[in-house]
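# Examination of the molecular architecture
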There are 2 protein chains.
Amino acid sequence: MSEHIKIVVDAMGGDNAPDVTVRGAVEALEVSDKISIILTGRTDDIKKELEKYSYDTDRIEIVHANDVIGFDEPPVMAIRKKKDSSIVVGMNLVKRGEADAFVSAGSTGAILVGGQFVVGRIKGIERAPLAPLIPTAKGPSLLIDCGANVDARASHLVQFAQMGSIYMKHVVGVENPRVAIVNIGAEEEKGNMLVKETYPLLKECTDINFVGSIEARDIPNGDADVIVCEAFVGNVILKLYEGLASTLLSEVKKGLMANLRSKIGALMIKPALKKTMKNFMGADQGGAPLLGLKGLVVKAHGSSTSDDIKQAIIQCIQFSEEDINEKIKENITME
Amino acid sequence: MSEHIKIVVDAMGGDNAPDVTVRGAVEALEVSDKISIILTGRTDDIKKELEKYSYDTDRIEIVHANDVIGFDEPPVMAIRKKKDSSIVVGMNLVKRGEADAFVSAGSTGAILVGGQFVVGRIKGIERAPLAPLIPTAKGPSLLIDCGANVDARASHLVQFAQMGSIYMKHVVGVENPRVAIVNIGAEEEKGNMLVKETYPLLKECTDINFVGSIEARDIPNGDADVIVCEAFVGNVILKLYEGLASTLLSEVKKGLMANLRSKIGALMIKPALKKTMKNFMGADQGGAPLLGLKGLVVKAHGSSTSDDIKQAIIQCIQFSEEDINEKIKENITME
């Protein structure tokens, strides 16, 4: 390949920007020589960070953006008004075809709105879902949709299932990914109106491996690779995963500090436990893709480390090399 | 009080019936002299179990029911057809005022349907929610609704909030319980149509302590006492709680078995860890009440032990003594 894959990184996005964003970008360059990076944000701030590192100067470019969209700003207004923000400037580069992907740890709302209205959806795709990988006992599953598409329709969920399958197969490398719809029982007649309407449509899809309903209880066990739901339910699942894991582990820690015997035991198990938890929780790729857009947008966690940013950048390579958007066009919107 | 509180126990309900159901009933009698128990189910089977124990024969009565509703039977059909099942016979005793409460570890679907159609709702109550207590870092919270009321309306959720508050205050003993609605962001303008419609109605309620939205992430931390949501979302939260806790603990165990050092450490922490987990997870009262019915119906877990059944019976005492249904009538339906 003569041309680099061009990835825009929102240098100003996230709790620890531009420190970790710039460092993550430099680290990503070291991992792969297939990419070049455009950092959007305040040139002076970015330069000051870049000075800390030695890197291939041909492969990092700064595109100035004077504004930053904060976490508390109403997203629609922010995207509309702050044309010179690191998010809007970065997304416009993708829109104009000057870059392949955009990575940001900034405001989720602004990224979702910007994805739909600045980058824009692939023709025929009705909604652009946010699809994080969540950890399970059998490896990561794709939870699609966790975005802002509330009050979804059955036809949206069918496209989510199709896009999710393509992503899991070609980016994560799961052969014939099992697709399930989140439901409150395993039987076809169970569920709310949306699920009852969607279920038969998924059953008819010949291009996905639909395995039926999945109860929330069976998600952590890894009973499906692509977990389809509307965004409200997806958001509840994603956030409860985070909250419950954190509360349970802090309860475990509290228990370990109960007495001298348990404290000594705790010291002995610490390395093994840390490794297991890292294996289990470290399933994500540093960020969740927003699928179905004309270009890839990856939303990294607000509290991302430089390693998360690096991972988020790296996942764009596979996405671009596998030409996921072409596959989405061919398989979903052209049928 | 001269009269006993009469509690019907479905002797045939659950994975381990009639063994644990009968034992749980006998154990409950030992805990409280305020109650008497009616066991519904096959007389011969129940008698055989009862023979194993010594108990106050004046306080246990058998009412014969020849049928059992299985876990896999379609609920509406089962309740309609199996008039002589332990569930329908037991619920009819409550309906006719011959008993105060009904406890069953049988089919959730059948209990929900039977509650609404056999026992019947309090006049003015639009839906009868299933409201389990879930463990949090600050003690149990009431998750209302986890039942079968899918596609709920805003007015239903308002009644759930009111009934849940009464239950938490008078049965669990939480002063001025904090009520929150499950949402995908903390701001009032966030959410799907149902939440946006319900939020201002809850804000107007003068009889509850509404604290706003709660994100699923903050539920395990105990940020609210009464967690209001429609049944699909409630079911997802409840089931994910179970599934994720079980997967995480099994991952932790796997980690502890990694090497000799961690195995020895595991032995040392086991008692302390077990106690913490028991404190955390043991928040429930052996069963979840179905609120808003003319009489109390308590759904115990299908895999209940005799201790769970005992707890489920014991919670009926407080419910009855505090006259929860009278409070629901006075505070909700009469306004």
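The preceding data block contains the structure.
Quick look at the structure, then. These figures come from a predicted structure and were not determined experimentally.

This paragraph deals with the pattern of salt bridges. This structure, assessed with the given rule, holds 30 salt bridges over all chains. Of the charged contacts in the structure, one is a salt bridge between Glu98(A) and Arg96(A), with a shortest N-O distance of 2.8 Å. Here Lys329(B) and Glu326(B) are joined by a salt bridge, their closest N and O atoms 3.8 Å apart. With Lys329(B) and Glu326(B) both in helix H11 (residues 324-333) and three residues apart, the pair spans about one turn of that helix. A relative accessible area of 31% means that Lys329(B) is categorised as partly exposed. Several salt bridges converge on common partners, so that one network encompasses Glu215(A), Arg217(A), Lys239(B) and Glu242(B).

Right, let's get into the packing of helix H6 (residues 154-172) of chain A against helix H10 (residues 306-321) of chain A. All names here are of chain A. Here H6 crosses H10 at 105°, and the two axes come no closer than 9 Å. Taken together, the axis directions place H6 and H10 in an arrangement best described as roughly perpendicular. Touching Tyr167, His170 and Val171 of H6 are Gln315, Gln318 and Phe319, all from H10. Grouping the amino acids of the contact of H6 with H10 by side-chain chemistry returns three nonpolar, three polar and no charged.

A word on the sheet that holds strand S2 (residues 35-41) of chain B. Residue and element names in this part refer to chain B. Strand order in this open sheet of six strands is S3-S2-S1-S4-S11-S10, and the pairing throughout is mixed. The outermost strands of the open sheet, each flanked by one partner alone, are strand S3 (60-64) and strand S10 (287-290). Here the average twist between neighbouring strands, direction ignored, is 25°. In terms of strand pairing, S10 meets strand S11 (residues 296-300) through four bridges, oriented antiparallel. Directly across from alanine 288, in S11, lies its bridge partner lysine 299. Each of S2 and S3 touches helix H2 (residues 43-50); the most contacted strand, S3, lies at about 155° to it.

With an RMSD of 0.1 Å, the operation that places chain B on chain A is a rotation of 180° combined with a shift of 0.0 Å along the axis. Expressed as a symmetry operation, the mapping of one chain copy onto the other fits a two-fold axis. Across chain B, the rotation axis passes nearest the C-alpha of Gly265(B), at a separation of 2.0 Å. Most of the interface of chain B is mirrored in chain A, where 100% of its interface residues are also at the interface.

For the rest of this paragraph, the subject is the packing of aromatic side chains. Residues and elements named next belong to chain B. This structure, assessed with the given rule, holds four aromatic pairs over all chains. Between the aromatic rings of tyrosine 199 and phenylalanine 210, the centroid separation amounts to 5.1 Å while the plane-to-plane angle is 80°, which identifies the pairing as edge-to-face. Taken as a pair, tyrosine 199 in helix H7 (residues 193-204) and phenylalanine 210 in strand S8 (residues 209-215) lie far apart in primary sequence, eleven residues in all. Judged by its relative accessible area of 10%, tyrosine 199 falls in the buried class. Judged by relative accessible area, which is 16%, phenylalanine 210 ranks as buried.

What follows deals with the environment of Ile269(B). Note that Ile269(B) resides in helix H9 (residues 260-281). For the pair Ile269(B) and Leu143(B), spaced 126 residues apart in sequence, the C-alpha separation works out to 32 Å. Setting aside chain neighbours within four positions, we find Ile269(B) in contact with Leu256(A), Ser262(A), Gly265(A), Ala266(A), Ile269(A) and Leu256(B).

Among the surface-exposed residues, Arg80(A), Lys81(A), Lys83(A), Lys95(A) and Lys294(A) lie close enough to one another that they form a single positively charged patch. Secondary-structure assignment places Lys83(A) in the loop between helix H3 (75-81) and helix H4 (86-95).

Our focus in this paragraph is unusual backbone geometry. Along the chain, Ala17(A) connects to Pro18(A) via a cis peptide bond; the corresponding omega equals 0°. Looking at where Pro18(A) falls in the secondary structure, it is placed in the loop between strand S1 (5-10) and helix H1 (19-31). You will see that Asn176(B), though not glycine, has its phi angle at about 50°, which is positive. Its place among the elements puts Asn176(B) in the loop between helix H6 (154-172) and strand S7 (178-183). Even without being glycine, Asp323(B) reaches a positive phi, approximately 50°. With respect to the secondary-structure elements, Asp323(B) resides in the loop between helix H10 (306-321) and H11. With relative accessibility at 42%, the residue Asp323(B) sits in the partly exposed group.

Here we take up the pairing of S2(B). For a regular strand, the rule is simple: side chains alternate between the two faces of the sheet. Residue and element names in this part refer to chain B. For S2, a buried count of seven out of seven residues is recorded, marking the element as mostly surrounded by other parts of the structure. Neither face of S2 is left uncovered, since the one carrying Ile35, Ile37, Leu39 and Gly41 and the one carrying Ser36, Ile38 and Thr40 both have all their residues buried. Judged from the six bridges that link them, strand S1 (residues 5-10) and S2 form a sheet pairing that is parallel. Opposite isoleucine 5, over in S2, you have isoleucine 35 as the bridge partner. Note that the unit made of S1, helix H1 (residues 19-31) and S2 has a crossover that is right-handed. For S2 and S3, the ladder comprises five bridges, and the chain directions are parallel.

Here we come to the sheet that holds strand S9 (residues 226-228) of chain A. Residue and element names in this part refer to chain A. Strand order in this open sheet of five strands is S5-S6-S9-S7-S8, and the pairing throughout is mixed. Taken across any chain shown, the strands that pair with only one partner, and hence form the sheet edges, are strand S5 (133-134) and strand S8 (209-215). In terms of strand pairing, strand S7 (residues 178-183) meets S8 through six bridges, oriented parallel. Within S8, the position partnered with valine 182 by the bridge is isoleucine 214. Contacts between helix H7 (residues 193-204) and the sheet are confined to S7 and S8, with S7 contributing the most and set at about 165° to the helix.

This part takes up the interface of chain B and chain A. Taken residue by residue, the interface counts 49 residues in chain B and 49 residues in chain A. Considering only the surface of chain B that becomes buried against chain A, Ile184(B), Phe232(B) and Leu240(B) emerge as the three largest contributors, covering 14% of it. Our enumeration of links across chain B and chain A arrives at four salt bridges. Residues Lys239(A) and Glu215(B) are paired through a salt bridge, measuring 2.7 Å at the closest nitrogen-oxygen approach. One can count eight residue pairs in polar contact (both at pLDDT 80 or more) joining chain B with chain A. Those elements giving two or more residues to the side of chain B that touches chain A turn out to be S7, H7, helix H8 (231-256) and H9 of chain B. Top element by residues in the side of chain B that touches chain A is H8(B). It accounts for 18 residues. A class-by-class count of the residues in the side of chain B that touches chain A yields 30 nonpolar, twelve polar and seven charged.

About the cut-offs
- Residues numbered from 1 in each chain as written.
- Chains lettered and ligands numbered in written order.
- Predicted model: local features only at pLDDT ≥ 70, side-chain atom pairs only at ≥ 80, totals over all residues.
- Heavy atoms only, no water.
- Salt bridge = Lys/Arg side-chain N within 4 Å of Asp/Glu carboxyl O.
- Helix = DSSP H or I, 4+ residues; strand = E, 2+ residues; numbered from the N terminus.
- Buried < 20%, exposed > 50% of the residue type's maximum accessible area, 1.4 Å probe, protein only.
- Axes fitted to C-alpha atoms, helices over the stretch in contact; angles between N-to-C directions.
- Parallel < 35°, antiparallel > 145°, perpendicular 65-115°, else oblique.
- Contact = heavy atoms within 4.5 Å.
- Nonpolar A, V, L, I, M, F, W, Y, C, P; charged D, E, K, R; others polar.
- Pairing = 2+ DSSP bridges.
- Least-squares fit on C-alpha atoms with pLDDT ≥ 70 in both.
- Phe/Tyr/Trp six-rings, centres within 6.5 Å; stacked < 30°, edge-to-face > 60°.
- Patch = residues over 30% accessible without salt bridge, like charges linked within 9 Å, V, L, I, M, F, W, Y side chains within 5 Å.
- Areas by Shrake-Rupley, 256 points an atom, 1.4 Å probe, with all protein chains shown as cover.
- Lys, Arg positive; Asp, Glu negative; His and termini not counted.
- Charge placed at Lys NZ, Arg CZ, Asp CG, Glu CD.
- Right-handed = clockwise from strand over helix to strand, strands pointing away.
- Buried area = accessible area lost by both parts, 1.4 Å probe.
- Polar contact = N/O pair within 3.5 Å; in protein donor to acceptor, adjacent residues only side chain to side chain.

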